[in-house]
Amino acid sequence: MIGNLFNLARPLIHCMDAETAHRMAVAALAAAPALKPASDDPVLATEAFGLTFPNPVGLAAGFDKNAEAIKGALALGFGFVEVGGVTPLPQPGNPRPRVFRLTEDEAVINRYGLNSDGMEAVASRLAARRGQRGIVGVNLGANKESADRAADYAILARKLAPLADFLTINVSSPNTPGLRDLQAEAALDDLVARTLAARDEAAMTAKRTPVLIKIAPDLTPPELDGMVAVARKRGIDGMIVSNTTVARPQSLRSAAKTETGGLSGKPLFAASTRILAETFLRVEGQFPLIGVGGVDSAETAFAKIRAGATLVQFYSAMVFKGPGLVKTVKDGLAARVRSAGLPRLSPLVGRDAAAIARGENL
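Remember, it's a predicted structure, so these values are computed and weren't measured experimentally.

## Quick notes on the side chain of Asn-143
Here Asn-143 lies in the loop between β7 (135–140) and α5 (149–160). Among the residues examined, Asn-143 registers a relative accessible area of 8% and is labelled buried. From its side chain, Asn-143 meets the backbone oxygen of Leu-89 in a polar contact 2.9 Å long. Excluding its chain neighbours within four sequence positions, the residues that come into contact with Asn-143 are Thr-87, Pro-88, Leu-89, Pro-90, Gln-91, Arg-149 and Asp-152.

## Points about the pattern of salt bridges
Under the counting rule described, the total for this entry stands at 28 salt bridges. Between Arg-338 and Asp-41 there is a salt bridge, and its shortest N-O distance comes to 2.6 Å. With Arg-338 in helix α11 (residues 325–339) and Asp-41 in the loop between α2 (18–31) and β1 (46–48), the pair connects residues that are 297 residues apart, well separated along the chain. The class of Asp-41 is partly exposed, set by a relative accessible area of 25%. The shortest N-O distance in the salt bridge between Arg-232 and Glu-284 comes to 2.8 Å. Pair noted here: Arg-232 is in helix α7 (residues 221–234) and Glu-284 is in the loop between α8 (269–283) and β12 (289–292), with a separation of 52 residues, a long-range link. A relative accessible area of 27% places Arg-232 in the partly exposed class. Residue classification places Glu-284 among the exposed residues on the basis of a relative accessible area of 60%. A network of salt bridges, in which partner residues are shared, links Asp-17, Glu-19, Arg-96 and Arg-98.

## Examining the sheet that holds strand β11 (residues 262–265)
Taken in spatial order, the three strands of this open sheet run β5-β6-β11, and their pairing is antiparallel. What marks the edges here is a single partner per strand, and that holds for β5 (99–102) and β11. Neighbouring strand axes in the sheet, compared pairwise and without regard to direction, differ in orientation by 20° on average. With four bridges connecting them, β5 and strand β6 (residues 107–110) associate as antiparallel partners.

## As for the packing of helix α4 (residues 119–128) against α5
Interhelical geometry of α4 versus α5 gives an angle of 20° and a closest axis separation of 10 Å. Considering the angle they form, α4 stands roughly parallel to α5. When you trace α4 past α5, the crossing you get is right-handed. Of the residues in α5, those touching α4 at Met-119, Glu-120, Ala-123 and Leu-126 are Ile-155, Leu-156, Lys-159 and Leu-160. For the contact of α4 with α5, the per-class residue count stands at six nonpolar, no polar and two charged.

## Concerning the sheet that holds strand β10 (residues 238–241)
Whether parallel or antiparallel, the strands of a sheet pair through hydrogen bonds between backbone atoms. The parallel closed barrel is built from eight strands, whose spatial order is β3-β4-β7-β8-β9-β10-β12-β13. For this sheet, the mean inter-axis angle between neighbouring strands, taken without regard to orientation, is 25°. Inspection of the sheet shows strand β3 (residues 57–59) paired to strand β13 (residues 311–314) by three bridges, in the parallel sense. Following the sheet pairing, Leu-59 is matched in β13 by Phe-314. The strands touched by α7 within the sheet are β9 (211–215) and β10, with β9 carrying the most contacts at an inclination of about 175°.

Reading guide: rules and limits
Just so you know, the residues in each chain are numbered from 1, in the order the chain's sequence is written. Totals for whole chains, interfaces and linings use all residues, but because this is a predicted model, local features are given only for residues with pLDDT of at least 70 and pairs of side-chain atoms are given and counted only at 80 or more. Side-chain metrics in this entry use all non-hydrogen atoms of the structure; hydrogen atoms and water are not considered. Helix and strand labels come from DSSP, where a helix needs a run of H or I of at least four residues and a strand needs a run of E of at least two; each type is numbered from the N terminus. Burial classes: relative accessible area under 20% of the type maximum marks a residue as buried, over 50% as exposed, and values in between as partly exposed (1.4 Å probe, protein chains only). By the criterion applied in these results, polar contacts are pairs of N or O atoms within 3.5 Å in which, for protein atoms, one can donate a hydrogen and the other can accept it, and in which residues neighboring in sequence qualify only through two side-chain atoms. In what follows, a contact means two residues having at least one pair of non-hydrogen atoms within 4.5 Å. Salt bridge, as used here: a side-chain nitrogen of Lys or Arg that lies within 4 Å of a carboxyl oxygen of Asp or Glu. Paired strands, in this sense, are two strands between which DSSP finds at least two bridges. Note on geometry: axes are lines fitted to C-alpha atoms, helical ones only across the stretch in contact, with angles between N-to-C directions running from 0 to 180 degrees. What sets the label is the angle itself: under 35 degrees gives roughly parallel, over 145 gives roughly antiparallel, 65 to 115 gives roughly perpendicular, and the rest give oblique. Left-handed describes a crossing in which the near helix is turned anticlockwise from the far one by less than a right angle; the clockwise case is right-handed. Under the convention adopted here, Pro, Cys and the residues Ala, Val, Leu, Ile, Met, Phe, Trp and Tyr are nonpolar, Asp, Glu, Lys and Arg are charged, and Gly plus all remaining residues are polar.

Geometry only, nothing functional implied.
Below, the structure is given as structure tokens:
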């Protein structure tokens, strides 16, 4: 039903500028009745970070930046939703236009710049849904003008850990000047230590909330080595691989390919899946990974799992394929598990990681 409605409305939606269409989609999901989605196939149940996910398919951060549409997003059938990025203080982000469809490439370029209603507004919305079903993570970011960005993450963790099922340290957005500098090993180590200390402080009066790190797809092997080393040393609960890319593949055809910002969607798939496999091999099973970047079908979602992802996320693909993609991906993953004669997806995680890291078997 939802997929059919999208197909009917798509020509109108794509006549709007991309940011207006995005805002309308969030508003529509926020206003939608809190319908319970159909029960998931039991083979899709997934354990990660001490949480039990009804299925491994999540809505990536960046869609519901301010925790306005959680109920509606979960009603689409996602196994979890990640909101944000959230900053301590409200900030408008970069000037418009700042989002661009690359229709011929099934891709999006955005330079939002972590536009956020701020921590207090998001905390209020999360508190209002206490006791409701669904796994919700919160993506954390730093204010553009912050003098101590590591402190921003600690402030956010202290405030939001009791209200979230997991937190994500986002140091990989390309749209806040200098933010990716925090991926350097020494800077990341300090930031993670302070964020975990704040999380632990919050856990003295509430639950212990898992903390993940989201990384860029543009890392060199030494940079990736350093980030994984910090994550393992500090006891991070997981990593999300990957954020948008600043690279521009030669295959891009759309006129908007020259816009600055982070590229997401189909052209990101190969690079993000390869660095996912490289991360999986370095992590050596110490914690689970979430694979994101170019997922637009059951086949690409399964490739992320073969590369080492326990869970997958998407967002940009819905711009072109609509919300019915959630069911399509879940059905396809369940079929692959059953055809392998397995009770769960977990034995397939990382099955082809070594080959994919070499650029093969994608």
